[in-house]
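These are the residues of each chain, in order.
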Amino acid sequence: MRDPYFPKAGNGGYDVTHYALALAYDPGTHHLTGTARITARATRDLSAFDLDFEGMDVRSLGVDGKDARWNRSGQELTVRPREDLRKGRTFRTTVRYSGTPVTITDPDGSREGWLRTADGALALGEPTGSMAWFPGDDHPSDKASYDIAVTVPKGLQAVSNGELAAGPTTRGNRTTYTWHTAEPMATYLATVAIGHYDISRTTTRSGLPVYVAVDPQQAAASRKVLAKLPEIIAWEEAAFGPYPFSSTGAIVDRPEDAGYALETQNRPVFPGAPETGTLVHELAHQWYGDSVTPKSWRDMWLNEGFATYAEWLWDEDHGGDTAQQSFDANYRRKSAWTFPPADPPGAAHISDSPVYERGAMVLHKIRLTVGDAAFRAILTGWAATHRHGSANTADFTAYVEKKAPGKDFDEIWKDWLYGKGRPAHE
Ligand code: TRP
Ligand code: ZN
C-alpha cells in the first residue's frame, strides 16, 4: 500500500512477522554494528522485494541462508533472492550492517531516527525513523513481534520495548541487554535508549511489570509524576479496557535529547520530566496508536485525537476542566481550524493542532450525540475490536454508526472530521 503522505515508506509483496535485531553501539565512536533477521511471508510471487533502510553500510545480505543480490537507491534496499519466492512462503532475510546511523529530519522539521544524547543515544521512529537503525517494512500497516539485543560498553545501559528476556550479560568490557516484544508492534514504535539510567522495576497492583528508566539528572524532577504511572494505567484500563501489552514503563532522557515525547511501545519516551497530562497522553497511546495502529499516516488523528481526549477525560475525572470546557476553550482557538483532522494538507502537518485538538473535538461531538454510557462503550469497543491490529478513519466512522443505530453522524463526519473551517456549534 502506498502511503498518501510518505509514498516511499513501506513496501509491497510481503508481511513481516518478526524482527530479530542484534545491535552493538559505542557512544564514543558513534559506531553501530547490526544484524537484522527479518521473518516475512510473501503475499504474492516475488522475484525481488524492497526494504526501507537509510544510511549505514550493508555488509552482507542473505535470504534463507543463501547470499542474495541487492542494491540501494535512497531509502530503498532492493533484494533479489537466488530463487523466486512463492506467494504464501515464509522466508528469512539476514542483513549485516555497520556505520554511523543517521538522524532524519521530518517534513515538519523535527528530528528522528538515531539521535545522539549526552551519554549515549536514543532511537525514535515516528513517522519514518526506524529505517535509520534497522532495515524493514517501515510503515505502520505492517506490525510484527521483535527481539532486540543491544550490546554497549560495560557501565552503560540499553533500554528497549517489551520485556528484558535475559541478562544483562557482561563479557569482557561489553554488556548485552536482550529485549522481547511478543505483541505486534509497528516499526515507528520501536526504540532503543542507551546511556546511564536509574532503573526501577516494580509491578502494578494487577501484576503488570513496570520498567522505568530515568536519566539521573532528571530523577528528582520525575519522581512525583512517575509515581502516578500505576494509577494512570488503572484509570485508563477503566476507561479504555484491558491494557494491551505485557509490560509498561517509561524512558526519561534529558530535554535536549529529544524535542518531543513519543509513545514508543510499552515504554514511552519523554524529553525530561513529563507533566501529568503528557504522561496520560503517551500512556493512552498504548491503546490508541500502539495496539490500534493507523493503517496510514493520514489516519493520525485516530492516535492524537484519542490521546488528547484522554487528557480531557483525565482532567474531568480529577477535579479539573470538564471535557466540555476543554472543547470550548479549543473551539475558540484559531489554530485548531486550519484543516480537517482526517485530511491534513501534507506530511509536514500530520502533527499539527487540528490532528490533536480538533480530533478530540470530533470524539466529543460523538459523545454529545450518543450520551456518556454509549460513548464509553465506543472507546472500549474500538480498542477491543482492533486490538493489536490496524484501522483507518472509514473503519472508525463505520464502527461508530454500527454501535449507535438510529443516530445521525453525517454532520459530524462532513463538517468536523472532513470539512474545512470552523463548523457552527451552539
Ligand atoms: N506522537 C507524539 C505524541 O503526540 C508526537 C510526535 C512525535 C509526532 N513525532 C511525531 C507526531 C512525528 C507526528 C509525527 O505523543
Ligand atoms: Zn500523541
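Residues numbered from 1 in each chain as written. Chains lettered and ligands numbered in written order. Predicted model: local features only at pLDDT ≥ 70, side-chain atom pairs only at ≥ 80, totals over all residues. Heavy atoms only, no water.

Trainee: Honestly, the packing of helix 4 (residues 301-317) against helix 5 (residues 323-331) in this entry has me stumped. Any pointers?
Mentor: The packing of two helices is summarised by the inter-axis angle and the distance between the axes. Contact geometry for helix 4 and helix 5: axes closest at 8 Å, N-to-C directions at 130 degrees. One way to sum up the angle between helix 4 and helix 5 is to call them oblique. Along the contact surface, helix 4 presents Tyr309, Trp312 and Glu316, while helix 5 presents Ala323, Gln324, Ser326, Phe327 and Asn330. Among the residues making up the contact of helix 4 with helix 5, the classes are represented as four nonpolar, three polar and one charged. (Axes fitted to C-alpha atoms, helices over the stretch in contact; angles between N-to-C directions. Helix = DSSP H or I, 4+ residues; strand = E, 2+ residues; numbered from the N terminus. Parallel < 35°, antiparallel > 145°, perpendicular 65-115°, else oblique. Contact = heavy atoms within 4.5 Å. Nonpolar A, V, L, I, M, F, W, Y, C, P; charged D, E, K, R; others polar.)

Trainee: It is not clear to me how the sheet that holds strand 15 (residues 174-185) should be interpreted in this structure. Could you clarify?
Mentor: Sheets are built from strands that pair by backbone hydrogen bonding, the pairs being arranged parallel or antiparallel. With respect to topology, eight strands assemble into an open sheet ordered 5-4-8-2-1-12-15-14, the strand pairing being mixed. Bordering the open sheet on either side are strand 5 (66-67) and strand 14 (163-171), each of which pairs with just one other strand. Two strands pair when backbone bridges link them, and strand 4 (residues 57-63) and strand 8 (residues 90-99) are joined in this way by six bridges, in the antiparallel orientation. Of the residues in strand 8, the one forming a bridge with leucine 61 is valine 95. (Pairing = 2+ DSSP bridges.)

Trainee: How should I be thinking about helix 5 in this particular structure?
Mentor: Count 3.6 residues to each turn of an α-helix, and residues three or four apart come out pointing the same way. For helix 5, the complete set of buried residues consists of Ala323, Ser326, Phe327, Asn330 and Tyr331. Down the axis of helix 5, the sector holding all buried residues measures 135 degrees, keeping them to one side. (Buried < 20%, exposed > 50% of the residue type's maximum accessible area, 1.4 Å probe, protein only. Arc of directions from axis to C-beta.)

Trainee: Which parts of the structure should I look at to understand unusual backbone geometry?
Mentor: Negative phi values dominate among residues other than glycine, just as trans dominates among peptide bonds. Along the chain, glutamate 126 connects to proline 127 via a cis peptide bond; the corresponding omega equals 0 degrees. A positive phi is found at histidine 30, a non-glycine position, where the angle reads about 60 degrees. Considering the arrangement of structural elements, one finds histidine 30 in the loop between strand 1 (14-26) and strand 2 (31-42). Given a relative accessible area of 24%, histidine 30 falls into the partly exposed group. Its identity is not glycine, yet aspartate 64 carries a phi of approximately 50 degrees, on the positive side. In this fold, aspartate 64 is placed in the loop between strand 4 and strand 5.

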